Amino acid sequence: MADDIDRLDFNFSISASPARKALYKTKGDTSMKKRRDEFLKKQKERRRDFTQYARDLALSPAPPSSSVFIEEPSQQQIDEVKTENMEVEKIRPKKLQNNEAYANQLMTPEPLVDIPVDLKTDWVVVPCPIGRRCIVISSRNATIARLNNGSIANRFKSTLPSGCPSRRGKVNDYCILDCIYYEQTMTYYILDIMCWKGYSLYDCDTDFRFFWKHTKLSEVDVTTVSDSNPFKFVVLNYYECTADGLHSCLSSSAFDFPVEQMYFYNRATQYTAGEEATPLMF
């Protein structure tokens, strides 16, 4: 990756292989830059009640302890399928699918196969660890992490607002975060923030969301592991897309995780769940 970044920060060009370009062809005859510009324009023109959107996501009826409920077969059921001349049939567990409303709630990146002409001025980059991307919601004295398909990855206590009984507050003090869970250190790395104590940031631009992310998370102790906070939360830093910024991004000694990918965010983009156009993934 370091060699690729050198090409990025000195020449601002990528020699993507034909095979890679073929995997991510632009849609129709529209260039990637034009698609990104149109996407940003539509974001500015749309009108939506994001406060209610976040509220519905955080305060919907409490789901079961798992998004997929598995009913194990009893010994009586197993005995019933035995016959004298037949092997024991395998009873398939019953599955209860639910919580589809939580699916596709993360903003989807697209691979970086061309360099935006305004990369130096209008974009920032975030180094990302190996791990599972998930949406984390703290609400009603509990914290739930869900995968992008809507299934529950974990349910736990946290010191996020409304994340555990000791952080009990107003009913509207819920939070919604875009995280990457790194299992080796049991850490949730905060990539983005969509809601903080009931204040929706879906329609805020990247610069404001990232400022808010660093400011608000510094006000609560989410990095210390305790009974009320068994998993650490760490805010991912972002860097300017200049030569110095990119080198600082890669040479930073502060990383306590292996960098798997880098996300490039346009400064003006809003958080759009399930849509692909920005950020860019490298």
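Residues numbered from 1 in each chain as written. Predicted model: local features only at pLDDT ≥ 70, side-chain atom pairs only at ≥ 80, totals over all residues. Heavy atoms only, no water.

## Considering the side chain of Ser162
Within the element layout of this structure, Ser162 appears in the loop between β7 (152-156) and β8 (175-182). Once residues within four sequence positions are removed from consideration, Ser162 is found in contact with Ser138, Ser139, Arg140, Asn141, Ala142, Arg167, Gly169, Lys170, Asp173 and Tyr174. (Helix = DSSP H or I, 4+ residues; strand = E, 2+ residues; numbered from the N terminus. Contact = heavy atoms within 4.5 Å.)

## Focus: the environment of Ser226
As for its placement among the helices and strands, Ser226 is situated in the loop between α7 (206-217) and β11 (232-235). Overall, Ser226 belongs to the partly exposed group, its relative accessible area being 33%. With 69 residues separating them along the chain, Ser226 and Lys157 place their C-alpha atoms 9.7 Å apart. (Buried < 20%, exposed > 50% of the residue type's maximum accessible area, 1.4 Å probe, protein only.)

## Observations concerning the pattern of salt bridges
For the structure on display, the rule yields five salt bridges. Two residues, Arg209 and Asp192, come together in a salt bridge whose shortest N-O distance is 2.9 Å. Of this pair, Arg209 sits in helix α7 while Asp192 sits in strand β9 (residues 187-196); the two residues are 17 residues apart in sequence, bridging distant segments of the chain. Owing to a relative accessible area of 0%, Arg209 belongs among the buried residues under this scheme. The residue Arg267 makes a salt bridge to Asp207 at a minimum N-O spacing of 2.9 Å. (Salt bridge = Lys/Arg side-chain N within 4 Å of Asp/Glu carboxyl O.)

Read these as spatial facts, not as claims about activity.
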